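Observations on chain architecture
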Amino acid sequence: MRELSVNSPLGPLTVIEADGAIIELDWRRTKNEESSLLLETAADEISHYFNGSLKTFSVPLNPVGTEFQKSVWQQMCEIPYGEALSYGDVAKRLSSSPRAVGTACGRNPIPIIIPCHRIVGANGSMTGYTGAGGTKTKSFLLDLESNQAALPLVQPN
């Protein structure tokens, strides 16, 4: 596996690749950076996402999870930039329960690129978020998309 870190307004993010696909995005800076064309592309797309010039990621993804989790993550990828669905909306599409959808959201290994932040409570409330900063980060990402504002990158310490 190769890892590459990128600065973001939320702090350092590390993108991890295996077998020609992105498998994970972590809220940390890697100590074992080993780049590749795919990781450079992912880092570039993440930077463009945060500056408001990218609405859809194109890098290949291969998140590890159950078939149900993968179906939830696919639903997330189909939510347009700047929009949100409730856990219940996604559950109806999958003939499942909102709680099961929430559990799959919490296990999303590639946040931001697989936009789990676009899943909200039935009344639009900011429910849990596993990224650094929790629901503040979720609100930040939704605000970024709705305002399409370019934000400065947080520099490493």
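Presented here is a report on the structure given in the accompanying data block. (Residues numbered from 1 in each chain as written. Predicted model: local features only at pLDDT ≥ 70, side-chain atom pairs only at ≥ 80, totals over all residues. Heavy atoms only, no water.)

1. Notes on the packing of aromatic side chains
This is how it is decided: Pairing of aromatic rings covers Phe, Tyr and Trp, the last counted by its six-membered ring, and requires centre-to-centre distances within 6.5 Å; plane angles under 30 degrees mean stacked, over 60 mean edge-to-face, and any other angle means tilted. The cut-offs for exposure are 20% and 50% of the maximum accessible area for each residue type, with area from a 1.4 Å probe on protein chains only; residues under the lower value are buried, those over the upper are exposed, and the others partly exposed. Helix and strand assignments follow DSSP, with helices taken as H or I runs no shorter than four residues and strands as E runs no shorter than two, numbered in order from the N terminus. Sitting over a ring, as applied to charges here, requires NZ of Lys or CZ of Arg to be within 6 Å of the ring centre and within 35 degrees of the ring normal.
Per the counting criterion, the structure on display carries 3 aromatic pairs. Here the aromatic rings of Y49 and F50 are separated by 5.2 Å at their centres, their planes lie at 75 degrees, and the arrangement is edge-to-face. The exposure class assigned to Y49 is buried, which follows from its relative accessible area of 1%. Between the aromatic rings of Y49 and Y81, the centroid separation amounts to 6.2 Å while the plane-to-plane angle is 80 degrees, which identifies the pairing as edge-to-face. Placement of the pair is Y49 in helix α1 (residues 37-50) and Y81 in the loop between α2 (67-77) and β4 (85-86), with a sequence separation of 32 residues. Accessibility expressed as a relative area gives 13% for Y81, which makes it buried. Linked through ring pairs, Y49, F50, F57 and Y81 together constitute an aromatic cluster. K55 extends its terminal NZ or CZ atom over the ring of Y81, reaching a point 5.0 Å from the ring centre.

2. Overview of the pairing of strand β1 (residues 2-6)
Counted only if it meets this: Strand pairing is defined by DSSP finding a minimum of two bridges between the two strands.
Extensive coverage of β1 is indicated by the burial of 4 of its 5 residues. Here β1 runs beside strand β2 (residues 13-18); their pairing, made up of 5 bridges, is antiparallel. The residue bridging L4 from the neighbouring strand is V15, located in β2.

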